[in-house]
Every structure is written in C-alpha cells, then in structure tokens.
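The lines below spell out each chain.
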Amino acid sequence: MNKLNIALAGPLFAGLFSTLSMAQNVKVGDIEIDHAYARAMVPGAKVGGGYLTLTNTGSADDTLVAIAADRAKSAEVHQMSVDGGLMKMRPVQGGLVVPAGQTIELKPGGYHVMFMGVVQPFKQGETVKATLTFEKAGAIDVEFSVGNIAGGAPGADATHSDMGGMTMPKPQ
Ligand SMILES: [Cu+2]
C-alpha cells in the first residue's frame, strides 16, 4: 500500500459508512439501485463524486448509458485505478455494463459517478437528484444523499476537486 492509498483510505471509508444508513432502494425494470450517496464538496469545487450499487436481477446484461443531474452540467461514469503507482480516472467508454444476475458497486477507489460543472458544491445533508438511463430498463430518478467531505481533509477531496488531466501526481 503506498502513501496515497493510506492517506485516502481512512477518510473515504469513514464517509462511506456514515452515509450507508441513509440509503434508498429504487427499481426500474430488472435494475435495482441501492446506497446512492455523494460526497460533500469543498467550496469552489466543480467536480463531485457519487456512488451507488447496481443490481441486475434479470437474465440479460444491461448498460448504464447516460446520467443527467440538475446540479451538474454533465455527469458520467468514471473508473479509478492505480497504474504504475499513479491513480488515474477515466470515463467508462460505451456505458457501464451491469451483467445479468450481478451486482456492480460504485465506490471510492473504483467506479464512480462524476458530476462535472457543478455550480453549487454539494453540502452534507443535501439530496442530489440524477436521472440514470439504462439501455434496456429505461430511465430512473435516483436521489444521492450527500455525506461528509471524506473526513474533512481537504487533501483527500482533491481527488475529485482538482482532477485536471485526470491523472493525479504520485505523493513523495
Ligand atoms: Cu472521476
């Protein structure tokens, strides 16, 4: 585990557990959506992360093809990964596939919804509404409960508020 992981893991997990109790559960077609939450953003931040669990109870794969939110100019699914010691995030091309009978978890450090062009940074206690569109199941409105700012450490939130180029520098 490198220094970046250690620095991020604590606050991120704290944020995750503090928001799970506010989870909602909605369904459209064969797709079930749970645990939708977003992280609070620091003042001035334009980019925020959202997380949720997608379960496909059907017998055919489906794909999350679009996300729209009132509070953001655009939103898309990103994948975060560690590549050669660098944490990177990139858009998932062609939509996020939710395989038949499987559950996909969007969580810190992995897949996440990236809200971009946010005018008013998300604040703890707010609800951010978004419409998710699936190729087969269709569209569903989802409410993301806004949790805390990842433990309150400004450095930790930099992963989402300062993602120019989508490649984060390796800490020394
Ligand atoms: Cu992202």
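For the structure itself, look to the data block above.
A short tour of the structure in this document, coming up. (Residues numbered from 1 in each chain as written. Predicted model: local features only at pLDDT ≥ 70, side-chain atom pairs only at ≥ 80, totals over all residues. Heavy atoms only, no water.)

Now for the overall build of the chain. Per the secondary structure count, the chain includes two helices and eleven strands. Expressed as a percentage of the 172 residues in the chain, the buried residues total 45%. Here the contacts in the chain between residues at least 6 apart in sequence split such that 71% fall between residues at least 24 apart. Of the roughly 8300 Å² of accessible surface on the chain, 54% is carried by carbon and sulfur atoms. (Helix = DSSP H or I, 4+ residues; strand = E, 2+ residues; numbered from the N terminus. Buried < 20%, exposed > 50% of the residue type's maximum accessible area, 1.4 Å probe, protein only. Contact = heavy atoms within 4.5 Å. Areas by Shrake-Rupley, 256 points an atom, 1.4 Å probe, with all protein chains shown as cover.)

The next subject is the coordination of the copper ion. With distances of 2.1 to 2.2 Å, the protein atoms coordinating the copper ion are His 78 (ND1), Met 89 (SD), His 112 (NE2) and Met 114 (SD). For the copper ion, the four donor atoms in the first shell make angles of 94 to 123 degrees at the metal, so the coordination geometry reads as tetrahedral. Sequence positions of the residues that donate to the copper ion give the spacing H-x10-M-x22-H-x1-M. With His 78 in strand β5 (residues 74-83) and His 112 in strand β9 (residues 111-116), the pair connects residues that are 34 residues apart, well separated along the chain. Among the residues examined, His 78 registers a relative accessible area of 0% and is labelled buried. (Donors = N, O, S within 2.8 Å, 3.2 Å for Na, K, Ca; no water. Tetrahedral: all angles 85-135°; square planar, octahedral: opposite > 155°, others 65-115°.)

Turning our eyes to something else, we now look at unusual backbone geometry. For His 35, which is not glycine, the phi dihedral falls at a positive 55 degrees. Mapped onto the elements of the fold, His 35 is located in strand β2 (residues 31-38). Its relative accessible area of 34% is what places His 35 among the partly exposed residues.

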